[in-house]
Amino acid sequence: MPSAELTPLEVARWAARAGLPLPGDRHAAVAATANHIHSVVAVLRELDCGDTPPAGAYRAGKEKHDAAV
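To keep things clear, this report deals only with the structure shown in the data block. (Residues numbered from 1 in each chain as written. Predicted model: local features only at pLDDT ≥ 70, side-chain atom pairs only at ≥ 80, totals over all residues. Heavy atoms only, no water.)

1. A word on the overall build of the protein
Counting its secondary structure elements, the protein contains two helices and zero strands. Over its C-alpha trace the protein gives a radius of gyration of 22 Å, far above what one expects of a compact globule, namely 11 Å for 69 residues. By its C-alpha atoms, the protein is 65 × 25 × 25 Å across when sized along the principal axes. In the protein, which comprises 69 residues, the proportion classed as buried is 9%. As displayed, the protein has an accessible area near 6500 Å², and 62% of this comes from carbon and sulfur atoms. (Helix = DSSP H or I, 4+ residues; strand = E, 2+ residues; numbered from the N terminus. Rg over C-alpha atoms; globule rule 2.2 N^0.38 Å. Buried < 20%, exposed > 50% of the residue type's maximum accessible area, 1.4 Å probe, protein only. Areas by Shrake-Rupley, 256 points an atom, 1.4 Å probe, with all protein chains shown as cover.)

2. Notes on a nonpolar patch on the surface
Together, V40, L44 and L47 make up an exposed nonpolar region whose accessible area comes to about 280 Å². For L47, the location among the structural elements is in the segment after α2 (27-46). Note on L47: relative accessible area 53%, which makes it exposed. (Patch = residues over 30% accessible without salt bridge, like charges linked within 9 Å, V, L, I, M, F, W, Y side chains within 5 Å. Salt bridge = Lys/Arg side-chain N within 4 Å of Asp/Glu carboxyl O.)

3. Considerations on the packing of helix α1 (residues 8-17) against α2
Put simply, α1 and α2 touch, their axes get as near as 8 Å, and they point 95° apart. In terms of axis orientation, α1 runs roughly perpendicular to α2. Only H27, A28, V30 and A31 of α2 make contact with α1, whose side of the interface consists of P8, V11 and A12. For the contact of α1 with α2, a count of residues per class yields six nonpolar, one polar and no charged. (Axes fitted to C-alpha atoms, helices over the stretch in contact; angles between N-to-C directions. Parallel < 35°, antiparallel > 145°, perpendicular 65-115°, else oblique. Contact = heavy atoms within 4.5 Å. Nonpolar A, V, L, I, M, F, W, Y, C, P; charged D, E, K, R; others polar.)

4. With respect to α1
For α1, the full list of buried residues reads V11, A12 and A15. End-on view of α1: buried residues confined to an arc of 100°, all on one side of the axis. With respect to the buried face of α1, the exposed residues turned more than 90 degrees away are L9 and R17. As for α1, its buried residues are in contact with α2. G19 lies just past α1 and shows a positive phi near 80°. (Arc of directions from axis to C-beta.)

Shown next, in the form of structure tokens:
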């Protein structure tokens, strides 16, 4: 799902909407960080995990030591 990158102006608007004071000199850095995070998540969404169950489905049990050495 392609989307446009956040601009510093949009970052300032979203920060103000959320009630987070963001100094003007931080807008570009926050926009760059948000865009990088978005690109990493986009790559992860493309991975085919097949039938891999979510981590919450894993139940660790006591290990059996029944092998002979």
